[in-house]
Amino acid sequence: MDKAAPLDIDPLLDDPKTRIVVCCGSGGVGKTTTAAALGLRAAERGRKVVVLTIDPARRLAQSMGIDSLDNTPRRVKGVEGDGELHAMMLDMKRTFDEIVEAHADPERSRAILSNPFYQSLSAGFAGTQEYMAMEKLGQLRARDEWDLIVVDTPPSRSALDFLDAPKRLGSFLDGKFIRLLMAPAKMGGRAGMKFLNVGMSMMTGTLGKLLGGQLLRDVQTFVAAMDTMFGGFRTRADATYRLLQAPGTAFLVVAAPERDALREAAYFVERLAADAMPLAGLVLNRVHGSGAARLSAERALAAAEHLEEEQGEGQDESRGEGRGENLVDGRIVDQRSGKAEDRGTGGSSPEAPSPTGSVDGAPEDSARGALEDGVSVDRLTAGLLRLHAERMQVLAREQRTRDRFTALHPEVPVAEVAALPGDVHDLAGLRAIGERLAAQEETAGAL
């Protein structure tokens, strides 16, 4: 099957028309690391970048050498080149507070901020985080202070709640419950009081039993104070949604070469297409490779079995003949030097022919004759062959999952990032990830 076209990362990051890059995908696939690596690479290529993470994990701050991130962009030190890198973590309550303070007079602002229902809503109401992420992205873009904004979205399908926030907000504001609560303030005068006495008393009788009278009064107070701001929320959210559809935005779907992660990636790709969001490509993290890929799993297993059978036959013969001075079983291993010594003497053992005919005592002969833990070279080789066979089976499984995704979405460019031996925890690691992301043409055939 034909491979997907490689994703060219550097042209995407270098293009001055690219102003927003959004990394989305399921949980645990390396979105945060990818976002940070992209931001660092863009900064070191001369752009002024801010990375906004919505994921509550602290990995981004740790990898950038910052003690902690908050709702204010912080400059990252150690960036090479002429660009700048800033990082921040969304504080949804603080963002909500900033919106209230910016769009309400001081008296109304104090009333809203002290309202118990508002405090609950801003601290953890369903969908608030995603809507506030849209608000923060809109704020960052409106300031026009950065050349590039890189967004790290929440894990799993909740990443698409980022896109649904304006629609959900509109449904909330247009709902019958909100309109009913807003009606008394809008009608005013006697009509309003009459409505309040009749309509609200009916609603209070029902909802008061479920929610409690105090909570209902808090909601009514909140709605009355926020009345003039609701339209602004919806207008800004819709503007940010259109910004995400604009040519200057690029979505990157991040996944691992696993069945569930690539199934989620396919879901993201289809949803982005349905919403006319500009998809740049797929970043496939933690792809395994091998320096001996020409040795298939089948051949490695066959060779391992052959060595194990020969070793078993040799052990049977040694048990039948007894332990002689030329056999490893008749000697002990010096843990310091790795040389075999005769059990009956404290000095060196008599010289014995090695499997290759060389003189005992040479380093390579000692390694072939016995290991420090008493495991023969043939047995160790068989074990390594089996490990290689397992690795090749992993590679084959990953290739099948990639092929299935490519068959479904052949139009999506792919950047593959080889698995690293450890976690990324500093700028050097992020820089290495960025280099691997950008070197697709050289590595496409090696992974």
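Everything that follows concerns the structure shown earlier in this document.
Residues numbered from 1 in each chain as written. Predicted model: local features only at pLDDT ≥ 70, side-chain atom pairs only at ≥ 80, totals over all residues. Heavy atoms only, no water.

Take the overall build of the protein chain next. In terms of helices and strands, the protein chain carries 18 helices and 10 strands. Burial analysis of the protein chain (447 residues in total) assigns 43% to the buried set. Taking as baseline every contact in the protein chain between residues at least 6 positions apart, the subset at least 24 positions apart corresponds to 75%. When the accessible area of the protein chain is evaluated, it comes to approximately 23000 Å², of which 52% is carbon and sulfur surface. (Helix = DSSP H or I, 4+ residues; strand = E, 2+ residues; numbered from the N terminus. Buried < 20%, exposed > 50% of the residue type's maximum accessible area, 1.4 Å probe, protein only. Contact = heavy atoms within 4.5 Å. Areas by Shrake-Rupley, 256 points an atom, 1.4 Å probe, with all protein chains shown as cover.)

Scanning the entire structure with this criterion turns up 0 disulfides. Unpaired in this structure, Cys 24 has its nearest cysteine sulfur neighbour in Cys 23, at a distance of 7.8 Å. Residue Cys 24 is classed as buried on the basis of its relative accessible area, which comes to 3%. (Disulfide = S-S within 2.5 Å.)

Our focus in this paragraph is the sheet that holds strand β6 (residues 249–255). Taken in spatial order, the 8 strands of this open sheet run β3-β4-β2-β5-β1-β6-β7-β10, and their pairing is mixed. For this open sheet the edge positions go to β3 (74–75) and β10 (414–418), each flanked by a neighbour on one side alone. Relative to strand β5 (residues 148–152), strand β1 (residues 20–24) runs parallel, the two sharing 4 bridges. Across the sheet, Val 21 pairs through a bridge with Val 150, a residue of β5. In this fold helix α16 (residues 377–408) packs onto β7 (279–287) and β10, with an angle of close to 170 degrees to the strand it touches most, β7. Helix α17 (residues 427–438) contacts β7 and β10 of the sheet and is inclined by roughly 135 degrees relative to β10. (Pairing = 2+ DSSP bridges. Axes fitted to C-alpha atoms, helices over the stretch in contact; angles between N-to-C directions.)

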